[in-house]
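# Topology and contacts: notes
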Amino acid sequence: MTESWGRYPQARHTAEVRLHWRAGLTLPLVGPMLAYGQGRSYGDCCLNDGGKLLRTAGLDRFISFDSRSGLLRCEAGVTLGEILRLMVPRGFFLPVVPGTKHVSVGGAIANDIHGKNHHRAGTFGAHVRRLELLRSDGEAREIAPEDRLFQATVGGLGLTGLITWAEIALRRIPVAAVRMEAIPFAGLDEFVALSDESDAGYEYTVAWVDVLSHAQRGIFFRGDHVAGAVRAPRTRTVVPTDLPVVNALTVLAFNAAYYAAQKLAGRSRVQHWDPFFFPLDGIGHWNRLYGHRGFLQFQCVVPAREGLRELLDEIARLGAGSPLTVLKKFGDVPSPGMLSFPRPGFTVAIDLPSSEIQTFARLESIAAGAGGALYPAKDARMSAATFAKSYPRLDEFKRFLDPAFSSSFWRRVAG
Ligand SMILES: Cc1cc2nc3c(=O)[nH]c(=O)nc-3n(C[C@H](O)[C@H](O)[C@H](O)COP(=O)(O)OP(=O)(O)OC[C@H]3O[C@@H](n4cnc5c(N)ncnc54)[C@H](O)[C@@H]3O)c2cc1C
């Protein structure tokens, strides 16, 4: 059964069509259909219960690269990891990367993903110069940022058609290494002060927090690309089967050990880019640690510190600890998509067992009340009311929907 990363909810698809060749590509005659990249979305935006999936992994060709401008054109099923493997030795890096490199270009555009440098670079879609969109009427449209169909497709959750290729502006880097600092902090005010201080001077900033600890202590990471020789990581662990070990006790133990290990490792280090950007990729199938029932991720953005404080206090009050609670201050670079999630403010992401539906609903209501929004790429539960309230360009977006495309997420939030 094809799943999303959170393995919740489950979906049954009537057909899974594996796409291979861009030339002469035709879509199924009858929908509802939906592109599926690497399934690294946590909830149901990449699922289409009762409909068809168009699997794009076979659309994996590089088309052209201009080493003067850094413009790369590739098919939509190429993963960010494949781009980095080819381009880092040539002195180029992706302008924006998420917390895993196992994400397709099509998925990165359709969720308009963000990374640790949002305060500098904005979202992935801001660096896409052109793309081709295949609509269910058979027309292939080449579109650019000034086109409204482009603005609907970036962050458009795969609902405007199939992206077949895209052109991305890569950035130059001084090869392979990242100088990073890991700074212990205690409480929200220290996190905000570190963000304010670091955002001007550092390309990448993000924080991990142990919400259940006495002082809500955490580690603030900041870093920059630097020249230098560093070894690529060699070992990779794989969770071989369902191993439901995440529970209140193991979360407490993990968080204490992680905090201590980060302090022990020292404040300043030079690291290979891979473990700096993608630490979780070192453990294959780590989603199996939640067992076959899967898990939810709650990620929201709220415009002000007070909303974030309310969320963190409520997570602590409910005892909803997670080994992966991540904080980041978003910047004010405008997002190009009508439904893009990032906006100025603070984002928090927390994993919850799929049974924690009440906790999710409580956090959703705090985020919505604070004028925030939930991230569709991570979502499996938000209500239609929250979605409509927090995505004010929804009606405008609907004009660009492809009538043969749909998803489990879309039917849940848009009816
Ligand atoms: C460990 C981990 C860390 C993550 N960290 C971050 C992070 O830091 N920041 C962030 O923003 N996200 C993050 N994510 C989420 C992830 O980046 C997004 O969910 C991304 O969209 C997944 O890409 P995918 O190729 O797996 O697409 P899928 O999950 O398969 O699909 C996602 C959406 O894209 C659409 N789509 C896919 N391909 C196409 C196409 N060719 N044409 C049209 N639509 C298409 C699908 O229909 C669906 O709506 C993380 C995920 C994981 C598992």
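We now turn to the structure provided with this report.

### Side note on the packing of aromatic side chains
Counted under the stated rule, the structure contains 24 aromatic pairs. Relative to phenylalanine 295, the ring of tryptophan 286 lies with its centre 5.8 Å away and its plane at 45°, an arrangement referred to as tilted. For the residue pair tryptophan 286 and phenylalanine 295, the accessibility class agrees, reading buried in each case. In this structure, arginine 217 packs its charged tip against the face of tyrosine 259, placed 4.2 Å from the ring centre. Its guanidinium or amino end placed over the ring of tyrosine 391, arginine 343 lies 4.9 Å from that ring's centre, counting from NZ or CZ.

### Describing the sheet that holds strand E1 (residues 15–18)
If you walk across this open sheet you meet the 3 strands as E1-E3-E2, and the pairing is parallel. Of all the strands in the sheet, the pair left with one neighbour each is E1 and strand E2 (33–36). The average angle at which neighbouring strand axes cross in this sheet is 25°, direction not considered.

### Re the pattern of salt bridges
This model, assessed by the stated rule, comprises 27 salt bridges. Across the salt bridge formed by arginine 171 and glutamate 203, the nearest N and O atoms sit 3.0 Å from each other. Taken together, the residues arginine 171 in strand E10 (residues 171–172) and glutamate 203 in the loop between helix H5 (188–199) and strand E12 (204–209) connect sequence positions 32 residues apart. Under the relative-accessibility criterion, glutamate 203 is labelled buried at 10%. Lysine 329 is paired through a salt bridge with aspartate 196; the nearest N and O atoms lie 2.7 Å apart. Of the two residues, lysine 329 is situated in strand E18 (residues 326–330) and aspartate 196 in helix H5; the sequence distance between them amounts to 133 residues.

### Focus: the site of the ligand
Near the ligand there are 35 residues, and of these Ala35, Arg40, Ser41, Ser104 and Tyr375 occur at the shortest range. The contact in question runs from an oxygen atom of the ligand to an N or O atom on the backbone of glycine 107, over 2.9 Å. For the ligand, whose unbound accessible area comes to 970 Å², protein coverage reaches 96%. Those elements giving two or more residues to the shell around the ligand turn out to be E2, helix H2 (105–110) and strand E9 (162–169). Tallied by class, the residues present in the shell around the ligand amount to 19 nonpolar, 14 polar and 2 charged.

### Points about the sheet that holds strand E19 (residues 345–353)
If you trace the 8 strands from one edge of the open sheet to the other, you get E15-E11-E13-E12-E18-E19-E17-E20, paired in antiparallel fashion. Every other strand in the sheet has two partners, leaving strand E15 (268–272) and strand E20 (373–374) as the edge strands with one partner each. Across 5 bridges, the pairing between E18 and E19 is antiparallel. From the neighbouring strand, phenylalanine 330 faces E19, where its bridge partner is glycine 345. Across the face of the sheet, H5 comes into contact with strand E11 (177–186), E12, strand E13 (217–226), E18 and E19 while running at roughly 10° to E13. The sheet strands contacting helix H9 (residues 357–369) are strand E17 (295–302), E19 and E20, and the helix crosses E17 at an angle near 10°.

### Concerning the environment of alanine 35
One can find alanine 35 in strand E2. Residues alanine 35 and lysine 389, 354 residues apart in the sequence, show an inter-C-alpha distance of 26 Å. Excluding anything up to four places from it in sequence, alanine 35 contacts Leu54, Thr56, Leu162 and Phe405.

### Topic: the packing of H5 against helix H8 (residues 305–317)
What describes two packed helices is the angle between their axes and the distance between those same axes. Running from N to C, H5 and H8 cross one another at 140°; their axes reach a closest spacing of 11 Å. Viewed along their axes, H5 and H8 adopt a mutual orientation that is oblique. The element H5 and its partner H8 pack so that their crossing is right-handed. Facing Leu188, Asp189, Phe191 and Val192 of H5, the residues of H8 in contact are Arg305, Leu308, Arg309 and Leu312. Its residues placed into classes, the contact of H5 with H8 shows 5 nonpolar, no polar and 3 charged.

The rules we used
Residues numbered from 1 in each chain as written. Predicted model: local features only at pLDDT ≥ 70, side-chain atom pairs only at ≥ 80, totals over all residues. Heavy atoms only, no water. Phe/Tyr/Trp six-rings, centres within 6.5 Å; stacked < 30°, edge-to-face > 60°. Buried < 20%, exposed > 50% of the residue type's maximum accessible area, 1.4 Å probe, protein only. Lys NZ or Arg CZ within 6 Å of the ring centre and 35° of its normal. Pairing = 2+ DSSP bridges. Helix = DSSP H or I, 4+ residues; strand = E, 2+ residues; numbered from the N terminus. Axes fitted to C-alpha atoms, helices over the stretch in contact; angles between N-to-C directions. Salt bridge = Lys/Arg side-chain N within 4 Å of Asp/Glu carboxyl O. Near = heavy atom within 4 Å. Polar contact = N/O pair within 3.5 Å; in protein donor to acceptor, adjacent residues only side chain to side chain. Areas by Shrake-Rupley, 256 points an atom, 1.4 Å probe, with all protein chains shown as cover. Nonpolar A, V, L, I, M, F, W, Y, C, P; charged D, E, K, R; others polar. Contact = heavy atoms within 4.5 Å. Parallel < 35°, antiparallel > 145°, perpendicular 65-115°, else oblique. Left-handed = near helix turned anticlockwise from the far one by under 90°.

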